[in-house]
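Structural description and commentary
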Amino acid sequence: VLQQINSSHGDIAYNVIDIEKPGPNADVTTFNFKSWNALQEALTQIRGVKSTRFIMGDPGTGYAINLDGQTHGIGVVKPDRATLASD
């Protein structure tokens, strides 16, 4: 973790965590998550988390939402509007 920022307003809070990509000589066998998608899935499933977004690569990608305990949106450009409207 390079940097972490936490902020809240009433019942809503957000966290920004800046993570450094492992270098070419990193021992990836010690990592708990084998992919960015797996890490995002785990973060999105934490109790109280409504959504996550990874900011890397193409603009507008990296969204995921937790809807009734199910993660939606990982690996797509953005969550489906119909899914978001059902909340």
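Report on the accompanying structure. For clarity, every value in this text was computed on a predicted model and none was experimentally measured.

What counts, and where the lines are drawn
- Residues numbered from 1 in each chain as written.
- Predicted model: local features only at pLDDT ≥ 70, side-chain atom pairs only at ≥ 80, totals over all residues.
- Heavy atoms only, no water.
- Helix = DSSP H or I, 4+ residues; strand = E, 2+ residues; numbered from the N terminus.
- Buried < 20%, exposed > 50% of the residue type's maximum accessible area, 1.4 Å probe, protein only.
- 1 Å grid on protein atoms, 1.4 Å probe; cavity = no way out; pocket = protein on both sides within 12 Å on 5 of 7 lines; lining within 4 Å.
- Points joined across faces, edges and corners; volume = space filled by probe spheres on them.
- Nonpolar A, V, L, I, M, F, W, Y, C, P; charged D, E, K, R; others polar.
- Contact = heavy atoms within 4.5 Å.
- Phe/Tyr/Trp six-rings, centres within 6.5 Å; stacked < 30°, edge-to-face > 60°.

Attention now goes to the overall build of the chain. Helix and strand content of the chain: 2 helices and 5 strands. Across the chain, helices and strands are ordered from the amino to the carboxyl terminus as β-β-α-β-β-β-α. For the chain, buried positions account for 16% of its 87 residues.

Before going further, it helps to spend a moment on the layout of surface pockets. Regions of empty space are outlined by a rolling probe, equal in size to a water molecule, passed over the atoms. Taken as a whole, the second largest pocket holds about 290 Å³ of empty space. Residue lining of the second largest pocket: Ile19, Glu20, Pro22, Val28, Thr30, Phe31, Asn32, Phe33, Lys34, Ser35, Trp36 and Leu39, and that is the complete set. When the residues that make up the lining of the second largest pocket are grouped by side-chain class, the tally is 7 nonpolar, 3 polar and 2 charged.

This brings us to the environment of Ser7. Residue position: Ser7 is located in strand β1 (residues 3-9). If we ignore the near neighbours within four places in the chain, the residues touching Ser7 are Ile12, Ala13 and Tyr14.

In this description, a pair of aromatic rings is defined by centroid distance and the angle of the planes. Throughout the structure, instances matching the rule amount to 1 aromatic pair. Ring geometry for Trp36 and Phe54: centres 6.1 Å apart, planes at 80°, overall edge-to-face. On the criterion of sequence distance, the pair formed by Trp36 in helix α1 (residues 36-44) and Phe54 in the loop between β3 (51-53) and β4 (63-67) is long-range, its members being 18 residues apart. Classification of Trp36 by relative accessible area gives partly exposed; the value is 29%. Given the relative accessible area of 14%, Phe54 is considered buried.

The values reported here are purely geometric and, on their own, carry no functional implication.
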